Amino acid sequence: MADILRERERQVYRKGDLQPFQLDCEKQSAAGSVSQRACVFCGSRVVLYPIADALHIVHGPIGCASYTWDIRGALSSGPELHRLSFSTDLQEMDVVQGGEKKLYAGLCELIDAHQPKAAFVYATCIVGVIGDDVEAVCKRVSLEKGIPVLPVHSEGFKGTKKDGYRAACDALLKLVGTGSPEGITPHSINILGDFNLAGETWMIRDYYKRMGVEVVSCITGDGRVDEIRRAHGAALNVVQCSGSMTHLAKQLEEKYGTPFIRVSYFGVEDMSKSLYDVARHFKDKEMMKRTQAMVREELERLMPQLADYKRALTGKRAAIYVGGAFKAFSLVAALRHLGMTTVMVGSQTGNKDDYEQLRELCDEGTIIADDSNPLELSSFLEEKDVDVFIGGVKERPIAYKLGIGFCDHNHERKEALAGFEGMLNFAREVYSSVMSPVWRLTPRRRGSNLEVVK
Amino acid sequence: MSSQPRPSKSPRPNWVSTRNPCKACAPLGAALVMRGIEGALPFLHGSQGCATYMRRYLISHFREPMDIATSGFSEATTIFGGEKNLCQGLDNVTSQYHPALIGIATTCLTETIGEDMHGMLHQYRARPGEADDPLLVHVSTPAYSGTHIDGFNDAVRAVVEQLAEAGHAPSAYLENFVNVFPGLVSSEDLRFLKEVCADFALPATLFPDYSETLDGPSMEIYKKIPEGGTSLAALRATPSAKASIELGRTLRQKRTAASFLQERFSVPAKRIGLPIGINESDSFFAALEKLSGHKTPEKYTRERGRLVDAYVDGHKYLFGKRALIIGDEDMVVGLTSFLAETGVLPVLCASGGKSGAFARSIAEVTTHLREPAMVREGVDFMTIAEELALKDLKPDFVIGSSKAAKLARTLGVPLIRLGFPIHDRIGGQRILHLGYRGAQQLFDLVVNTLLEVKQDSNSIGYSYL
Ligand code: SF4
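Residues numbered from 1 in each chain as written. Chains lettered and ligands numbered in written order. Predicted model: local features only at pLDDT ≥ 70, side-chain atom pairs only at ≥ 80, totals over all residues. Heavy atoms only, no water.

### Description of the site of the ligand
Here's step 1: In the vicinity of the ligand, the contacting residues are Pro-61, Gly-63, Cys-64, Tyr-67 and Cys-125 of chain A together with Cys-25, Pro-27, Cys-50, Thr-107, Cys-108 and Ala-143 of chain B.
Here's step 2: The site holding the ligand turns out to be the second largest cavity.
Here's step 3: Here the shell around the ligand takes 3 residues from helix 2 (residues 62–67) of chain A, the largest share from any one element.
Here's step 4: Of the residues belonging to the shell around the ligand, the class tally is 9 nonpolar, 2 polar and no charged. (Near = heavy atom within 4 Å. 1 Å grid on protein atoms, 1.4 Å probe; cavity = no way out; pocket = protein on both sides within 12 Å on 5 of 7 lines; lining within 4 Å. Sits in = over half its atoms within 2 Å of the grid points. Helix = DSSP H or I, 4+ residues; strand = E, 2+ residues; numbered from the N terminus. Nonpolar A, V, L, I, M, F, W, Y, C, P; charged D, E, K, R; others polar.)

### Describing the domain arrangement of chain B
Residue and element names in this part refer to chain B.
Here's step 1: Considered domain by domain, chain B is made up of domain 1 (26–148), domain 2 (172–216 + 225–292) and domain 3 (300–456).
Here's step 2: For domain 2 versus domain 3, the distance between C-alpha centres works out to 25 Å.
Here's step 3: Every contact between the two is made by 29 residues of domain 2 and, on the other side, 36 residues of domain 3.
Here's step 4: Summed over both partners, the interface of domain 2 with domain 3 comes to about 2700 Å²; 59% of that surface belongs to carbon and sulfur atoms.
Here's step 5: Looking at the side of domain 2 facing domain 3, the largest losses of area belong to Thr-250, Ile-276 and Ile-278, adding up to 26% of the total buried there.
Here's step 6: Here domain 2 is connected to domain 3 by 4 salt bridges.
Here's step 7: Between Arg-430 and Asp-215 there is a salt bridge, and its shortest N-O distance comes to 3.3 Å.
Here's step 8: Inspection of the region where domain 2 meets domain 3 yields 18 residue pairs in polar contact (both at pLDDT 80 or more).
Here's step 9: Of all the secondary structure elements, the ones that give two or more residues to the side of domain 2 that touches domain 3 are helix 8 (187–199) and helix 11 (277–292).
Here's step 10: Among the elements that take part in the side of domain 2 that touches domain 3, helix 8 stands out by supplying 9 residues, more than any other. (Domains from an automatic or database assignment. Contact = heavy atoms within 4.5 Å. Buried area = accessible area lost by both parts, 1.4 Å probe. Salt bridge = Lys/Arg side-chain N within 4 Å of Asp/Glu carboxyl O. Polar contact = N/O pair within 3.5 Å; in protein donor to acceptor, adjacent residues only side chain to side chain.)

### Quick word on the side chain of Ser-433 of chain A
Residues and elements named next belong to chain A.
Here's step 1: With respect to the helices and strands, Ser-433 occurs in helix 17 (residues 419–434).
Here's step 2: Look at Ser-433 and you get buried, because its relative accessible area is 8%.
Here's step 3: Residues in contact with Ser-433, not counting those within four places in the same chain, are Gly-405, Phe-406 and Trp-439. (Buried < 20%, exposed > 50% of the residue type's maximum accessible area, 1.4 Å probe, protein only.)

### With respect to the pairing of strand 13 (residues 397–400) of chain B
All names here are of chain B.
Here's step 1: Residues Phe-397 and Ile-399 line one face of strand 13 and the alternating positions Val-398 and Gly-400 line the opposite face, and both faces are buried.
Here's step 2: Note that strand 10 (residues 322–326) and strand 13 share 4 bridges and pair parallel. Bridge assignment links Ile-325 to a residue of strand 13, and that residue is Ile-399.
Here's step 3: Both strand 13 and strand 14 (residues 415–417) contribute to a ladder of 3 bridges, which runs parallel. Bridge pairing links Ile-399 to Ile-416 in strand 14.
Here's step 4: For the segment spanning strand 13, helix 16 (residues 405–411) and strand 14, crossover handedness is right-handed. (Pairing = 2+ DSSP bridges. Right-handed = clockwise from strand over helix to strand, strands pointing away.)

### Considerations on the confidence of the model for chain B
All names here are of chain B.
Here's step 1: Summarising the model, chain B shows a mean pLDDT of 94, and 95% of its residues fall at 70 or more.
Here's step 2: Per-residue pLDDT stays below 50 along residues 1–11; that stretch engages in 21 contacts with residues further than four places along the chain or on separate chains.
Here's step 3: Model confidence for the complex: the whole-complex pTM is 0.95, and ipTM, which rates the interface, is 0.95. (pLDDT = per-residue confidence, 0-100.)

### Quick word on the interface of chain A and chain B
Here's step 1: On the side of chain B, 71 residues touch chain A, which itself brings 79 residues to the contact.
Here's step 2: Taking both sides of the interface into account, the surface hidden between chain A and chain B amounts to around 6700 Å²; carbon and sulfur atoms contribute 60%.
Here's step 3: Joining chain A to chain B, the criterion identifies 3 salt bridges.
Here's step 4: With a closest N to O distance of 2.7 Å, Lys-401 of chain A and Glu-64 of chain B form a salt bridge.
Here's step 5: Inspection of the region where chain A meets chain B yields 28 residue pairs in polar contact (both at pLDDT 80 or more).
Here's step 6: Top contributing element to the side of chain A that touches chain B by residue count: helix 4 (residues 100–114) of chain A, with 7 residues.
Here's step 7: Of the residues assigned to the side of chain A that touches chain B, the class counts are 37 nonpolar, 24 polar and 18 charged.

### What to know about the pattern of salt bridges
Here's step 1: All chains considered together, the criterion is met by 59 salt bridges over all chains.
Here's step 2: As a salt-bridge pair, Arg-205 of chain A and Glu-227 of chain A come within 3.4 Å of each other at their nearest N and O atoms. Placement of Arg-205 of chain A in helix 8 (residues 200–211) and of Glu-227 of chain A in helix 9 (residues 225–229) is noted, with a sequence separation of 22 residues between them.
Here's step 3: Exposure remark for Arg-205 of chain A: the relative accessible area of 24% places this residue in the partly exposed category.
Here's step 4: Its relative accessible area of 25% is what places Glu-227 of chain A among the partly exposed residues.
Here's step 5: Residue Glu-298 of chain B pairs with Arg-302 of chain B through a salt bridge whose shortest N-O separation is 3.7 Å. Pair noted here: Glu-298 of chain B and Arg-302 of chain B are both in helix 12 (residues 298–318), with a separation of 4 residues, about one helical turn. Summarising the burial analysis for this pair, Glu-298 of chain B and Arg-302 of chain B share the class exposed.
Here's step 6: Several salt bridges converge on common partners, so that one network encompasses Asp-206, Arg-210, Glu-297, Glu-298 and Arg-301 of chain A.

### With respect to the nonpolar core
Here's step 1: Leu-48, Phe-120 and Met-245 of chain A are the most contacted members of the largest nonpolar core, which has 163 residues in total.
Here's step 2: Every residue in contact with Met-245 of chain A, bar those within four places of it in the chain, is listed here: Val-47, Cys-169, Leu-172, Leu-192, Gly-193, Phe-195, Ile-219, Val-239 and Gln-240 of chain A. (Core = buried A, V, L, I, M, F, W, Y, C linked by side-chain atoms within 4.5 Å.)

Structural data, given as structure tokens:
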């Protein structure tokens, strides 16, 4: 069993525990806890990054830009400006004298060289501290260059990743409504919260197309500035990754009266339900018929193949640790679909409702954890004798070190895991890790003598 | 595509922004050093995100658990100071990990707001009733100054400075051992250095030593802090060494651990280039002969002999081939020395680092070249791309970290991934760069890469090359 920090005792729960369910969450990570969380900047960057024809410049010392250069798997069907790393790379002198001049000059030269449709300026940790007026610089450049130049207030310490999402949504809000909604049909949506990792947006767009739904913009997968500018013309906002995008959806509802629904594209049930929900919203019988036919067609193709994986995976145990809790719901369901049980599930940023829902979803004995860390996670994996761990790059070595399978379900993944096809990829990913013969050679599975642990 | 650097024709000589950086920030290097101390845990005093991003960056290279704690600044912390968070963070790390040492590095934020690390740590140590605290060392790593390599070297020095105690050496090897400061090399390189010293019967304190902590075996039970690393006893004893060897021609004079030990404790410092290729390895082995009083063991002279033989076998494949070499300065100097001695023409040697000694060092290791290599320090990848186009340098291959992949792809030439970081291949931590043995592997790799190009780029598909 892990030594769970005193501050964190109420952030770990085992279903079936006697005490009433109450999981602390949405707290600042305890200092020294080695949280798997990132920061405000990360939240902003994740959301805005896939906008491929915008310039993204990180205002601050070089680290933040270095560590985020092309790390996400967000694909573009056209321009790929987002895959370059730009930074003002602040130096000692800038810290003393302020970085505004450098930001101004940097923005101008980059806009001239790359002719982006808009520019996002990410203010990182020290920008406010050294007193830069990023807002003013952005305004000036915007006037001079004739494109939107949007400050993103993403100083790492000013909250959590969620505040970063919010800052990103605020920047997006300034874009929406600046384009003409002309020609947009009544059966139209914006896809919110899909980031086109490994081309997932393209798959989802295709489903909508087959249903007869017009996609006005995707915010932000394979994103384009001009599409986002006219997003207010859509009849419905379809929100995935609700943690990052609900704020934007609510604002759009308030400002333009656009309703929104929440969906998930992961797993067979959730995927189908999402499409039906959209069809139901438009109250169009023909559309519903098309949707049913499409889902049937997809499932007919998918199910026999999934059955094969299910046979092999039934009874295997999975652990999940992801950024947003919403994704965890879908994963629990998807794993169940493959005959697997989820014995541990956690997220970096879930809220009370999320965890309540997770508790309902999970079997007795399942560990639920908020804002966990490597020591806890490794002990959960050991205790529950997990077969596959689903997480991101930072979770991977914990699993591998212990001779446990792993499936990357984070922003860096290179396999499309959304949609019907994605479910198949997911099954294959899990299968090819769980069934690998290498585990037999690892000390954990070989069952050699237990070493004394300190 | 619009993402490619377009301006080759009218290059701006002085870009203000950094475009596709060829460096990381200083605290990352410091965190890596702390992972090379036995029982130690790195700790960043700053925002949560710094630690997380660096963990991710390092994990992608080493593919090993990489726990880095942080004081996790909030807005209030930034206004009122980080003492409370620091103390709480240290408490929590201690109670969770039971480390022997916590290696604290600052970040751009904490340096900018001017945190008084000395004072705060002094206060923390002096608090009542905590007898078995871990040792605390700290290094100042303002991310707005220098690169990850500066952070690395400064951390090496800071740790030695703060732990060194005169006359502390275990009697068994008192007066008879050396300190070896290898710089940022691979885990395999570190294992190699230990092996060589052992073969010379020369006791050595290698620091940092992440040969095991960052390339360890599969575990049955999770170890909170992986085994291995330079022991605290050895770090305390550094002033009793008979000499220090530091590897790297571009190390900043006076700012290194070896220069500290020399000035403070009169431990002679010997600076040698990173031993990559025959010439630089010869200097290294000569130094070991001198310090140990032993001849180079036959194992190594045979390795050298085989290597020379291989150079001869492969010389035609390499002669006149044009290389672009990019990475951390000392790695580039070493690789350039190696390539130049095999007949490759280094057309551009570039680094994001800016020690001030880069150009001189490249010149030193390429004296026999008829055309001196072009050298650029403190550059980013887009500047390099523009430079290549402008001077029409046409490299046949690129050699450097995997951050050069985009550039190599644009150029349509192979990238040979060496140094740090390697994020798009497995095994970066296991590449052996050093010694004759390392050069042998590099040589085969370079020749075979070029042969592969030759074989694949024609329609004949030769069976013999
Ligand atoms: S905030 Fe500063 S120290 Fe942290 S990653 Fe960014 S540049 Fe490095």
